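# Descriptive analysis of the structure
Each chain, letter by letter, is given below.
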Amino acid sequence: MEQHIHPGEILEALKRKIAGFAPGADEEEIGTVIQAGDGIARAWGLDRIMSGELVTIDTGERMVDGMVMNLEEETVGIILFSDYELVNEGQTVRRTNRVAEVPSGEGLLGRVVDPLGNPIDGAGPVTSSARRQVEVKGPGIVARRNVVEPLQTGIKAIDAMVPIGRGQRELIIGDRRTGKTTIAVDTIINQRQAAGSEKVYCFYVAIGQKRSSVVQLIETLKKNGALEYTTVVAATASDPAALQYLAPYAGMAMAEYFRDDGRHALVIFDDLTKHAQAYRELSLLLRRSPGREAYPGDVFYLHSRLLERAAKMNDENGSGSLTALPIVETQEGDVSAYIPTNVISITDGQIFLEADLFNSGLRPAINVGISVSRVGGDAQIKAMKQTASSLRIDLAQFRELAAFMQFSSDLDPATRKQLDRGERLTEILKQHQYTPIDVYKQVMILKAGTSGRLDKYATEKLMAYQAALFEYLDTKGREFLEQLRAAGGFDETLEARAAELFDAFEDGFDPNAVRSDVDSGYTAKIAMALRERRSPINRNMLRLVERIASRDLASPSLETELEHIITGSDDEEAGRFRKLIDSCRIIDYDKSRRMEDLFRAASKLMAPRIEGIDANGIYDKLLDREHSSSTALSPFFALPHIVVDGEEQFEMLIVRSARGVEFDKNAPNVHAIFFLVGSIDQRHFHLVVISSLAQIVNHPSFEDGWLNAATHDQLRALLRDIDRNKRK
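## Quick look at the environment of Q695
Tracing the backbone shows Q695 in helix α23 (residues 683-697). In this structure Q695 comes out as buried when scored by relative accessible area, which is 16%. As for Q695 and I722, which are separated by 27 residues in sequence, their C-alpha atoms are 8.9 Å apart.

## Let's talk about the pairing of strand β10 (residues 171-174)
Along β10, one buried face is formed by L171 and I173 and the opposite face, lined by I172 and G174, is buried too. Sheet topology note: the β10/strand β16 (residues 349-353) ladder contains four bridges and is parallel. Its bridge partner lying in β16, L171 is registered against Q350. Looking at chain direction, β10 and strand β15 (residues 321-329) are connected through three bridges and run parallel. Each residue of the ladder has a partner; that of I172, found in β15, is I327.

## Topic: a positive patch on the surface
A cluster of basic residues, R176, R177, K210 and K665, forms a positive patch at the surface. Secondary-structure assignment places R177 in the loop between β10 and α3 (180-190).

## Some remarks on the confidence of the model for the protein chain
For the protein chain, per-residue confidence averages 86 on the pLDDT scale, and 87% of positions sit at 70 or higher. Note that pLDDT drops below 50 for residues 515-522; the model gives that stretch 24 contacts with residues more than four away or on any other chain. Low pLDDT (under 50) marks residues 527-559, which in the prediction has 75 contacts with non-local residues, meaning those over four places away or in another chain.

## Looking at the nonpolar core
With 71 residues, the main nonpolar core has M444 and Y465 as its most contacted residues. Take this core: its biggest share by element is seven residues, from helix α13 (residues 439-450). Leaving out residues up to four positions away in the same chain, M444 has contacts with L469, L473, F480, L481, F490, A498, L501 and F502. Listed in part, the 60 residues of the second largest apolar core include F81, L282, L322 and Y338.

## A closer look at the pattern of salt bridges
What the rule picks out here adds up to 40 salt bridges. Residue R48 pairs with E29 through a salt bridge whose shortest N-O separation is 3.6 Å. Residue R48 is located in the loop between β2 (40-44) and β3 (53-58), and its partner E29 is located in the loop between α1 (7-19) and β1 (30-37); the two are separated by 19 residues in the primary sequence. In this structure R48 comes out as partly exposed when scored by relative accessible area, which is 40%. On the accessibility criterion, E29 (9% relative accessible area) is buried. For the salt bridge of K441 with D474, the shortest nitrogen-to-oxygen distance reads 2.8 Å. Taken together, the positions of K441 in helix α13 and D474 in helix α14 (residues 462-475) put the pair 33 residues apart, joining distant regions of the chain. Members of the salt-bridge network, linked through shared partners, are R132, E256, R259, D260 and R309.

## Regarding the packing of α13 against helix α15 (residues 478-487)
As a packed pair, α13 and α15 sit with axes 10 Å apart at the nearest point and diverge in direction by 105°. Judged by the angle between their axes, α13 and α15 are roughly perpendicular. Contact residues: Y440, K441 and M444 in α13; F480, L481, L484 and R485 in α15. By residue class, the composition of the contact of α13 with α15 is five nonpolar, no polar and two charged.

## Focus on α15
Residues F480, L481 and L484 constitute the buried set of α15. Projected down its long axis, α15 shows its buried positions confined to an angular sector of 100°, all on one face. Exposed positions of α15 whose direction lies more than 90 degrees from the buried face are E479 and A486. Next to the buried residues of α15 lie α10 (382-388), α13, α14 and α16 (492-508). Among the residues trailing α15, G488 stands out with phi positive, at a value near 85°.

## Overview of the packing of aromatic side chains
Here the structure, examined in full by the defined rule, presents 17 aromatic pairs. Seen in terms of ring centroids, Y201 and F258 are 4.5 Å apart; in terms of plane orientation they differ by 15°. Their pairing is stacked. You can see Y201 sitting in strand β11 (residues 200-207) and its partner F258 sitting in helix α5 (residues 241-260), a full 57 residues away along the chain. The exposure class assigned to F258 is buried, which follows from its relative accessible area of 0%. With centroids separated by 5.5 Å and ring planes inclined at 20°, the aromatic side chains of Y245 and Y279 adopt a geometry described as stacked. Residue Y245 is found in helix α5, and its partner Y279 is found in helix α6 (residues 272-285); the two are separated by 34 residues along the sequence. Judged by relative accessible area, which is 5%, Y245 ranks as buried. The buried category is assigned to Y279, whose relative accessible area is 2%. Here the guanidinium or amino end of K447 rests over the ring plane of F490, the centre of that ring lying 4.3 Å away.

## Some thoughts on the sheet that holds β2
Taken in spatial order, the six strands line up as β1-β2-β5-β4-β3-β6 and close into a barrel, and their pairing is antiparallel. Averaged over neighbouring strand pairs, the angle between their axes works out to 45° when direction is ignored. Pairing of β1 with strand β6 (residues 92-99) involves three bridges; the strand directions are antiparallel. In the strand pairing of β6, T32 is matched with T92. Sitting on the sheet, α6 is in contact with β2, β4 (63-71) and β5 (75-80), with an inclination near 40° to β2.

Cut-offs used in this document
Residues numbered from 1 in each chain as written. Predicted model: local features only at pLDDT ≥ 70, side-chain atom pairs only at ≥ 80, totals over all residues. Heavy atoms only, no water. Helix = DSSP H or I, 4+ residues; strand = E, 2+ residues; numbered from the N terminus. Buried < 20%, exposed > 50% of the residue type's maximum accessible area, 1.4 Å probe, protein only. Pairing = 2+ DSSP bridges. Patch = residues over 30% accessible without salt bridge, like charges linked within 9 Å, V, L, I, M, F, W, Y side chains within 5 Å. Areas by Shrake-Rupley, 256 points an atom, 1.4 Å probe, with all protein chains shown as cover. Salt bridge = Lys/Arg side-chain N within 4 Å of Asp/Glu carboxyl O. Lys, Arg positive; Asp, Glu negative; His and termini not counted. Charge placed at Lys NZ, Arg CZ, Asp CG, Glu CD. pLDDT = per-residue confidence, 0-100. Contact = heavy atoms within 4.5 Å. Core = buried A, V, L, I, M, F, W, Y, C linked by side-chain atoms within 4.5 Å. Axes fitted to C-alpha atoms, helices over the stretch in contact; angles between N-to-C directions. Parallel < 35°, antiparallel > 145°, perpendicular 65-115°, else oblique. Nonpolar A, V, L, I, M, F, W, Y, C, P; charged D, E, K, R; others polar. Arc of directions from axis to C-beta. Phe/Tyr/Trp six-rings, centres within 6.5 Å; stacked < 30°, edge-to-face > 60°. Lys NZ or Arg CZ within 6 Å of the ring centre and 35° of its normal.

Take a look at the structure:
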């Protein structure tokens, strides 16, 4: 009997089957890639997947990891962490049922990991005691307490005027190459002084930086004994945007382990500008709506949910703390740009680093007018509050007065005294990188400055005064420091003991026996600017001179020297310069285009004429000088110059290179190089030679004459003729 199957019956049977279908909880959900490219994939078939869940994509060659970032009606958007060029349409996507998480615990200390917690330092696998989700909600208000414990950075200008407390969020902001990372690294290094329950565990998150920069930073931490309590989370510029986006959340999750365990942690984000740019890239690829400057509308939430996780916990929650130091890069000092204003409104204050101050030699280049800590004195020890409470106001008044009076020659005694005091306070706030100072030693040098004890010393002697004072405190003043540390602040007895200690120290301190290094990175540029004001090479330098006139040029001796250089009134030094041209050595050098090879050859030639230093010492000093500020002052000529020990020594070596020597990317073919080596007592002549050479090489006939001269005698005659003509 023939059986007829009606389509309607089949349809009804299918409907019943579909209606009764209920997949098991353990049944694997598999999706399919329907679109891929630029580190982004879209997948279909993952109906029950979670936002932030990790997935794996089978590319045939290897499994590629990713994280779900967009949940749409039919598809999900996935950001890919590696090998995204292998991902193509039709490949299988599998859920992991795990939201993005990272390892945490003591096993991460001393290690370098990527944002997923995978080791990238070649030191074997990471041993972790727990795993934590990268995205969690910050502690509530009830679980927190006020920030009352100081986090010492070891930097005088910060600990005295912009103090940071444990649990605070303090923004470090400024242009590129103004010392932002140095402040962060100094803060990490300074934590090596803490021990026991006061120990601070540090996490440095590198976002979008060059790998070479990260390697250099790791070596610095290792050299200073700070890597053992530090974890470096690196998502470099060559890593996908997805890893750069995830990096700060991963670093925060690792640091939260110590906060929740009742200990103290510090996390540094370097920097959130690149983080926002990575997030913008991902959002635009995921077709999220762009807003101001093409950033998505939730870019403020991006950083607020990150930084709100920094907190000082109350006693019921372990009393731990997590301090955040985000770094933001500005363009031309514009703090009103989109990302800077966002982060400023999220944080508890900012440390603003100014490029002009940095270039003038004031380092750290902190602008105390814009910098602020909303925690204030709560994050300072009592001794620092007693000593530096008026320091910010004093410096602000000094700079305002100095800017107003810098062109006035007739000052009343009170104004001159205020200017001199401000000049000295500014000088003692200078500090070399990677040399954090114990907070009680900071108190003592600041006390010497605010009490007027430094007024009797020349400004250039103050760094030597500080070094000698610290050495004295480490030996004969150790008992006093222990008493001050135990008391926390000054009382009448300790005030009297401090005065006695200063008196005893100053009785044995001889400022005339101190030799200081006058070779600042901008010395040549100042002399050039003052010598030939209309030169395109020097035009920008005039603004630099105006910025620092109230500080570095306020020294009477240096001011007089520069005045002689400007007016050319020192005939004796001018004649000495002409004799130097006649007697100096001139060579042609075309063996190599590498600057280091030239420096090595020049050092060997100059060493026999300089006492107290060999060729290797001159070479090292030349390289150190070059690293602080390039001596290629135009694409055609360079003035490598250093200061050496001894007295009455000055040597010049002139080098001509037909091929050209590569100093930096802005000066790849330098043809005229003037090496200057002089002792400390030759500072004035050093400046005279620099400015005179600067004017010679700016002469219209110099370059052609330099390259076309057939002999060294013709080169010497060229220099003499231009010098003679410019003095008429």
